[in-house]
Structure formats: C-alpha cells, structure tokens
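Structural overview for review
What follows is each chain in one-letter form.
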Amino acid sequence: MRPLLQVRDLKVYFPIRQTVLDRLQRKPQSMLHAVDGVDLDIYPGETVGLVGESGCGKSTMARAILRLYEPTSGQIIFDGQDLCRLSRQEMRAKRKDMQIVFQDPYASLNPRHTVGQIIGLPLLIYGTPPEMIRTRVKVLLDKVGLPESAIDRFPHQFSGGQRQRIAIARALAAGPKFVVADEAVSALDVSIQAQIINLLQELQKEFGLTYLFITHDLSVVSYVSDRIAVM
C-alpha cells in the first residue's frame, strides 16, 4: 500500500532577529532549526501518534506539512503530489483534503462568528451552494454530538469540550482525507478528553480518515495510535 503522506528530509528554519550591533558588525543571519531532517510515512486510514518533549518541533512539523509554515527544504508528498511544488492557488485547492484541529478551542474559533458561520465557511469556500450550507452544518453538528440549536450561538456560550467539537466539525466540513490533531485534547479535563478521543475514533471509522495525532501524553498516544513516532 502506498503511503497517503510521505515526508522526506523536512527542514523548517526560522531567522533569529538581529540586534543593531549584529547588523553594524555585519554578522551573518542566525537561524533557528525548528525541524531538521525529519522523515515520516502515514498510510491511509491509520493514526500515527507523534510524541516528544515540549519545543522539539512537533507542531511546527505538522504546520509545515499543511504548509501553514513554509518548509525550508525537503519533500512533502501527499496523495502522490509534492506539496512543496504547488502554487498558493493549487495549495488552497489541495488543503480541502488536509485539515487541522488546534490545541486551544478558546483561541481557534472566531468569537464574533456564530457556530453556523464557523462551520459553514469551509463549505462556502469549496463550492457548497449557499442554500444548502445550513442543512449541511446541522448534519455536521449532529455528527460531533451537538444539538441543531447550537448553529446560531457563539463560541463563548459553550464549554471547552463543546468548542473542540465545533472545531472538529469545522475540520470535517471540507471532507478531508487527512486530519492533524495538534494537542487536540491536552487543554481539556480528563473526562472530556476521553469523550473527544472516542469521537475522533468514531469519525475515523465513519469517514475513513487518516490522523496525525500530536501529544505529549504517552497514555493517550498509546491508546489512539496504530504507530508512534518520537521526535
């Protein structure tokens, strides 16, 4: 079976801000090596857990895979295409197949938008007729265990676990093949963590999703993962 995602020698470097003295002395630009030569294969339908100490570059690597950060070098081959060679317009179309659930459900949702607007935006971007969006959003809310009445409410009216369910519904709206869960349960209470993990597993079976599950919690990663990678 061919991997859905192949990462080869991925490097992500960030320039370190120079002081005035550095510039006067014409010192060369220093670089922070956030990710330095990483290889990873993920096969269709599996969950790969990515663990490592804080600051090792897990989230940076995940965002580079989705090209939320631009890789410095390397290959990111998704579904047979090298994402590093795609233009911004081509990448926007490809991102339909690749979504992310962020760590903090308080920061990742626009507080000025209703739940219907938040989940409906990917549907609008990827061509769902406007008259069908509200119906589709209600279906997605049901899939993640929220009532239809949530559609006209705002994020601040929900608990942390409910907000993460909204974020998951938004990720599913585009119909992705691959989802990054970037510390998606670490900001939640332990009892809520179990509910969100079970929900992600149910959705994986229903929609045939492939996950990259980033966490620092070894008990969680051992429960959800088919394979584990360590950074």
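To start, this report covers the structure provided alongside it. Remember, it's a predicted structure, so these values are computed and weren't measured experimentally.

**Considerations on the overall build of the protein chain**
In terms of helices and strands, the protein chain carries eight helices and nine strands. Here the C-alpha radius of gyration of the protein chain, 19 Å, is about what a compact globule of 231 residues would show, namely 17 Å. Principal axes of the C-alpha set define a box for the protein chain whose edges measure 60 × 40 × 35 Å. Of all intrachain contacts in the protein chain linking residues separated by at least 6 positions in sequence, the fraction that spans at least 24 positions is 73%.

**What about the sheet that holds strand β9 (residues 227–230)?**
The five strands are arranged β6-β7-β8-β3-β9 in an open sheet whose pairing can be described as parallel. Among the strands making up the open sheet, the edge pair consists of β6 (98–101) and β9. The mean inter-strand angle of the sheet, taken between neighbouring strand axes irrespective of direction, is 20°. Here strand β3 (residues 47–51) runs beside β9; their pairing, made up of four bridges, is parallel. What sits directly across from valine 51, in β9, is valine 230. Contacting β3, β6, β7 (178–182) and β8 (210–214), helix α2 (residues 58–65) crosses the sheet at an angle of about 150° to β8.

**Thoughts on the nonpolar core**
Soluble globular proteins: nonpolar side chains tend toward being buried together. Formed by 37 residues in total, the largest nonpolar core has its most connected members in Ile119, Leu141, Val144, Ile166, Ile168 and Leu203. Counting residues per element, the ones that place at least two in this core are α4 (115–125), α5 (130–143), α6 (160–173), β7, α7 (190–207), β8 and α8 (218–224). A total of seven residues in this core trace back to one element, the largest contributor, which is α6. If you look at the next biggest cluster of nonpolar residues, it comprises 28 residues, including Ala62, Leu86, Met91 and Phe178.

**Considerations on the layout of surface pockets**
By volume, the largest pocket is sized at about 490 Å³. Every residue lining the largest pocket is counted, 19 residues in all, and those nearest its centre are Arg95, Gln99, Pro122, Ile125 and Arg170. Of all the secondary structure elements, the ones that give two or more residues to the lining of the largest pocket are β6, α4 and α6. When residues of the lining of the largest pocket are assigned to their parent elements, the largest contribution, five residues, is made by α4.

**Comments concerning α6**
Taking 1.5 Å per residue, 14 residues should reach 20 Å; α6 reaches 20 Å between its end C-alpha atoms and fits that length. Counting buried positions over the 14 residues of α6 gives 13, a clear majority of the element. Glycine 175 sits one or two residues past α6 and shows a positive phi near 75°.

**Focus: a nonpolar patch on the surface**
On the surface, a nonpolar cluster with roughly 270 Å² of combined accessible area is contributed by Leu121, Leu124 and Ile125. Residue classification places isoleucine 125 among the partly exposed positions, given a relative accessible area of 42%.

**Side note on α7**
Between its first and last C-alpha, α7 extends 26 Å over 18 residues, near the 26 Å set by a 1.5 Å rise per residue. Looking at α7, one finds that the buried residues are Gln193, Ile196, Ile197, Leu199, Leu200, Leu203 and Gln204. Buried residues along α7 cover an arc of 160° about the axis, so they all sit on one side. The outward face of α7, more than 90 degrees from its buried face, is lined by the exposed residues Glu202 and Lys205. Structurally, α7 contributes buried residues whose contacts are with β3, α5, α6, β8 and α8.

**Observations concerning empty space enclosed by the protein**
The rolling of a water-molecule-sized probe over the atoms marks out the regions of remaining empty space. As enumerated under the stated definition, the model contains one cavity of 30 Å³ or more in all. As a volume, the largest cavity reaches approximately 50 Å³. What lines the largest cavity is Thr47, Ile197, Leu200, Gln201, Gln204, Tyr211, Phe213 and Val224. Of all the elements in the fold, those that place two or more residues in the lining of the largest cavity are α7 and β8. Take the lining of the largest cavity: its biggest share by element is four residues, from α7. A per-class count over the lining of the largest cavity returns five nonpolar, three polar and no charged.

Reading guide: rules and limits
Residues numbered from 1 in each chain as written. Predicted model: local features only at pLDDT ≥ 70, side-chain atom pairs only at ≥ 80, totals over all residues. Heavy atoms only, no water. Helix = DSSP H or I, 4+ residues; strand = E, 2+ residues; numbered from the N terminus. Rg over C-alpha atoms; globule rule 2.2 N^0.38 Å. Contact = heavy atoms within 4.5 Å. Pairing = 2+ DSSP bridges. Axes fitted to C-alpha atoms, helices over the stretch in contact; angles between N-to-C directions. Core = buried A, V, L, I, M, F, W, Y, C linked by side-chain atoms within 4.5 Å. Buried < 20%, exposed > 50% of the residue type's maximum accessible area, 1.4 Å probe, protein only. 1 Å grid on protein atoms, 1.4 Å probe; cavity = no way out; pocket = protein on both sides within 12 Å on 5 of 7 lines; lining within 4 Å. Points joined across faces, edges and corners; volume = space filled by probe spheres on them. Expected span 1.5 Å × (residues − 1). Patch = residues over 30% accessible without salt bridge, like charges linked within 9 Å, V, L, I, M, F, W, Y side chains within 5 Å. Areas by Shrake-Rupley, 256 points an atom, 1.4 Å probe, with all protein chains shown as cover. Salt bridge = Lys/Arg side-chain N within 4 Å of Asp/Glu carboxyl O. Arc of directions from axis to C-beta. Nonpolar A, V, L, I, M, F, W, Y, C, P; charged D, E, K, R; others polar.

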